[in-house]
Amino acid sequence: MKFLVKYLRPFFGRMSIGISIKILGTVVELMIPYILSHILENVVVTQDIRQIIFWGGIMILCALAACICNIIANRIAARVSRNFSERVRSDLFAKTLRLSSAQTDAFTIPSLESRITTDTYNVHNFVGMMQRMGVRAPILLIGGTAITLFMDRYLALAMIAVLPFIFITVYFISRKGVPLYTKVQKASDKMIRVVREDTQGIRVIKALSKSNYEHRRYDKVNKELSQNEQRAGIIMGSVNPIMTLLMNMGLVLVVALSAQRVADHLSSPSTVIAFMQYFTQISMAMMSVTRIFTMYTKCSASARRIAEVVEAPEDLTVAEESQFPRKDNGAHIEFSNVSFSYKGGGNDLENISFSLPRGGTLGIIGATGSGKSTLIRLMMRFYDVKSGAVYINGRDVRTIPFKEFYPMFGAAFQHDFLYADTIRENIDLGRHLSDEEIISAAKTAQAHDFISAFPEGYSHMLSQKATNISGGQKQRLLISRAIAARPEILVLDDSSSALDYKTDANLRASLRENMRGTTVFTVAQRVSSVKDSDLILVLDEGRIIGAGKHEELLETCTEYREISESQMGGAFVE
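Remember, predicted model here, so these are calculated numbers, not experimental data. (Residues numbered from 1 in each chain as written. Predicted model: local features only at pLDDT ≥ 70, side-chain atom pairs only at ≥ 80, totals over all residues. Heavy atoms only, no water.)

1. Here we look at the sheet that holds strand S1 (residues 333–340)
- Reading across the sheet, the four strands line up as S2-S1-S4-S5 and stay open at both edges, with antiparallel pairing between neighbours. Edge positions in the sheet fall to strand S2 (349–356) and strand S5 (395–396), since each of these pairs with one other strand and no more.
- Sheet analysis places strand S4 (residues 387–392) next to S5, joined by two bridges and oriented antiparallel. When the sheet's bridge partners are listed, Ile392 is paired in S5 with Arg395. (Pairing = 2+ DSSP bridges. Helix = DSSP H or I, 4+ residues; strand = E, 2+ residues; numbered from the N terminus.)

Below is the structure:
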């Protein structure tokens, strides 16, 4: 919970005002039963109507004052909890974007989504509740107990005898609640993952008539979540019945003792009436305390999950050049004996070495899972190499500051995103590019013609995930985005797979003409997409099994020649 205090510290001043008002309202509320006792015992007997109306008016004013104070304090509490949770969500989202790919893999996307939504909601509720019930309940509990001790110590002690049993019950049950709610959140992560996968693949699921299968898969994780929630609910839900039982036992004891004391003239009926009202307030306060403990268990579990992300260490740091010296050999990009493993076991890439001059073009081809995209991720430093080094302009990528490093790249990936906004905004991506730059990029990417065909042109609104345009149109928009800022290095990771051969050929010719001076990496399944590259790498199970130009590979690399002949019979249509 120290993590939450750090975020609450800027709001301590406003919280102090709200808590002070809440205390005032609660103290005034505590006076109402005492005033009623005074009216019944001292005012009614005088039969003075004006005195009865006067003290009745004071009771009404106290009730109004308590109401107004509670409303003001609750509004302040709501504002504080809203602003607090906004900061937590903002920092959590910002940290999520800064996580390395390895950290994102470890947390998983569904879990990160759950932490930003469900966990921040639990924390928000607890902070708001603590400012309302967390202030009011202890005052009613302690204040009510103190006043009843003043009014009738004998009856009050009978009631107080029950309280230790209640506190012990709440304490031990709440200790079991934290790990239970942690399991609930993890089960929620699994359910979100399945929902996310199914919503993304809904068309495939329908096309393959697998709706029933996916429904069973969802039912499995939903059942697991329900079982965890049931276990947590049974444990935490037992607090209220046990507490109610103990409070009712205390109430019966107080009623029995008060009847005897009134009969023996040791107490008055007015005292008993006021005492019962205070007992009701104390009971309500205890109910609030149990709700606070229930919310605390949820909040504690959620706060830990949020802190895990926000306080995650930076595992991709900028190293000193003394640790990784420069290697100035004139190459723009160089891989030197690079090996890498995602899980720390067998290498996914092994002994990858090549160099490329500025403005050169590299084609990467190979079977699925051969390591093509992994090579790109290492160059862009989504992950750090296990051994060897990647150099850009002679500098090890681990020594280049991120603000200098990432602007070098323009990238269009196979599974990239387009969001629900205009085509112009999707190409611009918040970079404040001019209309000329955006149109020029669209023309180079062969996207201008179909964009202009829309009545709204570049103001055409895309739906979520751009489902209102074709796959080939999506890819051309993604390539437009990648080249719009004239990057130093352009990465095209299987980004033209949905294009027909003619459009693909026109795209490659346009890139050669308009992106001179830009070093281009092209990952593809089609030989036609890489055959004009200055250097082509053929990968198989993380190793380079062929390297050279197209004509060389046809002569020297059997796998490349087989791919070429299987796709186009060895010939290409430009």
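Having put the structure on the table, let's press on.
2. Some details on the confidence of the model for the protein
- In this model, the protein carries an average pLDDT of 85, and 98% of its residues clear a pLDDT of 70 or more.
- Contacts from residues 570–574, a stretch scored under 50 in pLDDT, to residues over four places away or in other chains number 13 contacts. (pLDDT = per-residue confidence, 0-100. Contact = heavy atoms within 4.5 Å.)

3. Structural notes on a negative patch on the surface
- A surface patch of like charges, here negative, comprises Asp540, Glu541, Glu559, Glu562 and Glu565.
- No other element matches the three residues that helix H20 (residues 558–568) contributes to the negative patch.
- One can find Glu562 in helix H20. (Patch = residues over 30% accessible without salt bridge, like charges linked within 9 Å, V, L, I, M, F, W, Y side chains within 5 Å. Areas by Shrake-Rupley, 256 points an atom, 1.4 Å probe, with all protein chains shown as cover. Salt bridge = Lys/Arg side-chain N within 4 Å of Asp/Glu carboxyl O. Lys, Arg positive; Asp, Glu negative; His and termini not counted. Charge placed at Lys NZ, Arg CZ, Asp CG, Glu CD.)

4. Quick word on a nonpolar patch on the surface
- Together, Leu40, Val44, Ile49, Ile52, Ile53 and Ile273 make up a nonpolar patch on the protein surface, roughly 490 Å² of accessible area in all.
- Looking at which element gives the most residues to the nonpolar patch, the answer is helix H3 (residues 49–98), with three residues.
- Within the secondary structure, Ile52 sits in helix H3.
- Classification of Ile52 by relative accessible area gives partly exposed; the value is 31%. (Buried < 20%, exposed > 50% of the residue type's maximum accessible area, 1.4 Å probe, protein only.)

5. Side note on the sheet that holds strand S7 (residues 489–493)
- The strand order across the open sheet formed by six strands is S6-S7-S8-S3-S9-S10, and the pairing between neighbours is mixed. Strands with a single pairing partner mark the edges of an open sheet, and in this sheet they are strand S6 (409–412) and strand S10 (543–548). Across the sheet, the axes of successive neighbouring strands diverge by a mean angle of 15°, strand direction being ignored.
- Bridging between strand S3 (residues 361–366) and strand S9 (residues 535–540) involves five bridges; their strand directions are parallel. Residue pairing in the sheet places Gly366 in a bridge with Leu539 of S9.
- Contacting S3, S6, S7, strand S8 (519–524) and S9, helix H12 (residues 372–379) runs over the sheet at an angle of about 150° to S8. (Axes fitted to C-alpha atoms, helices over the stretch in contact; angles between N-to-C directions.)

6. Some points on the packing of aromatic side chains
- Under the definition given, this model contains 14 aromatic pairs.
- Sitting above the plane of the Phe417 ring, Arg481 keeps its charged end 4.9 Å from the centroid.
- Geometry around Tyr501 places Arg526 over its ring, the cationic atom sitting 4.7 Å from the centre. (Phe/Tyr/Trp six-rings, centres within 6.5 Å; stacked < 30°, edge-to-face > 60°. Lys NZ or Arg CZ within 6 Å of the ring centre and 35° of its normal.)

7. As for the packing of helix H2 (residues 12–43) against helix H5 (residues 109–151)
- Taken N-terminus to C-terminus, the directions of H2 and H5 make an angle of 35°; their axes are 9 Å apart at the nearest point. For H2 against H5, the interelement crossing comes out right-handed. Facing Met15, Ile19, Lys22, Ile23, Thr26, Val27, Glu29, Leu30, Tyr34 and Ser37 of H2, the residues of H5 in contact are Gln131, Arg132, Val135, Arg136, Ile139, Leu140, Gly143, Gly144, Ile147, Phe150 and Met151.
- Per-class residue counts for the contact of H2 with H5 are 12 nonpolar, five polar and four charged. (Left-handed = near helix turned anticlockwise from the far one by under 90°. Nonpolar A, V, L, I, M, F, W, Y, C, P; charged D, E, K, R; others polar.)

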